[in-house]
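Each chain is listed here by its residues.
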Amino acid sequence: MNTKPIKSKQNMILLLFSLLSFLSFQLNLEYTDQTGSIAHIIVYNLLDSFQEYNFLYLFIFPALYYFYQYVHTQIHGTDLIYHPSVILPAILFALFMVVGYSFAQTDSFNLIKGIENGQLIKACFKTAGYAIFFYFVISFLFYKINLTECKIDFTPPILKISKNTRHLGGVNC
């Protein structure tokens, strides 16, 4: 079986994931008031959000790519299957990060709402990048902690018949 096209497809997807995460880390949600057509305002607002440049950015993008590649090969192997049990917390955490930033800056949803000024596009872009990053971080943590080997038992300890099992707070490892 030829796995080269699958591997190149995986590498391309991981490269796009790392690029999206990298760009979302640089994206600034602050709004710049601008006049003109709606398309001009959206494009200017989006392009004006990438003003911060740093020498460390040369190392962050390749580091993200190799981190994503490591996590993907260790957990998923050759499959492109992503676990919903990790996707949901990653998306929620990303949403909380973006909404929390908006409330920390303006005490409102003003930085993430507004289709006519492009703020919603920037908020969705930043949320997607954070969600991808947090997915791989959570997957890596679960891989290192290795919680998949443990079986959760919700039976109260007093009702246990066998006393030979190690019991630690409802989790038998």
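Since the structure is predicted, the reported quantities are computational estimates derived from the model, not experimental observations. (Residues numbered from 1 in each chain as written. Predicted model: local features only at pLDDT ≥ 70, side-chain atom pairs only at ≥ 80, totals over all residues. Heavy atoms only, no water.)

### Describing the overall build of the protein
In step 1: Tallying secondary structure elements over the protein gives five helices and two strands in all.
In step 2: The N-to-C order of helical and strand elements in the protein reads α-α-α-α-α-β-β.
In step 3: In the protein, which comprises 173 residues, the proportion classed as buried is 29%.
In step 4: Counted over contacts in the protein with a minimum sequence separation of 6, partners at least 24 positions apart contribute 71%.
In step 5: Roughly 11600 Å² of accessible area belongs to the protein as shown, and the carbon and sulfur atoms make up 69% of that amount. (Helix = DSSP H or I, 4+ residues; strand = E, 2+ residues; numbered from the N terminus. Buried < 20%, exposed > 50% of the residue type's maximum accessible area, 1.4 Å probe, protein only. Contact = heavy atoms within 4.5 Å. Areas by Shrake-Rupley, 256 points an atom, 1.4 Å probe, with all protein chains shown as cover.)

### Some points on helix α5 (residues 119–145)
In step 1: With 27 residues, α5 extends 38 Å between its outermost C-alpha atoms, agreeing within 8% with the 39 Å of an ideal straight helix rising 1.5 Å per residue.
In step 2: N146, located one to two residues past α5, shows a positive phi value of around 60 degrees. (Expected span 1.5 Å × (residues − 1).)

### A word on a nonpolar patch on the surface
In step 1: A surface patch of nonpolar side chains, amounting to about 600 Å² of accessible area, comprises F25, F55, L56, L58, F59 and I60.
In step 2: The biggest single contributor to the nonpolar patch is helix α3 (residues 57–75), with three residues.
In step 3: Mapped onto the secondary structure, L56 falls in the loop between α2 (38–48) and α3. (Patch = residues over 30% accessible without salt bridge, like charges linked within 9 Å, V, L, I, M, F, W, Y side chains within 5 Å. Salt bridge = Lys/Arg side-chain N within 4 Å of Asp/Glu carboxyl O.)

### Digging into the packing of α3 against α5
A pair of packed helices is captured by two measures, namely the crossing angle of their axes and the spacing between those axes.
In step 1: One can describe the packing of α3 onto α5 by two numbers: an axis separation of 10 Å at closest approach and a directional angle of 50 degrees. Between α3 and α5, the angle is such that the two are oblique. Here the hand of the crossing between α3 and α5 comes out left-handed. On the side of α3, the interface is formed by L64, F67, Y68, Y70, V71, H72, Q74 and I75, while α5 contributes I132, F133, F136, V137, S139, F140, Y143 and K144. (Axes fitted to C-alpha atoms, helices over the stretch in contact; angles between N-to-C directions. Parallel < 35°, antiparallel > 145°, perpendicular 65-115°, else oblique. Left-handed = near helix turned anticlockwise from the far one by under 90°.)

### With respect to the nonpolar core
In step 1: Ranked by size, the top nonpolar core spans 21 residues in total, and within it Y68, V98 and F136 carry the most contacts.
In step 2: Looking at this core, the elements that each hand over two or more residues are α1 (4–26), α3, α4 (84–106) and α5.
In step 3: Excluding anything up to four places from it in sequence, V98 contacts L29, I112, A123, K126, T127 and Y130. (Core = buried A, V, L, I, M, F, W, Y, C linked by side-chain atoms within 4.5 Å.)

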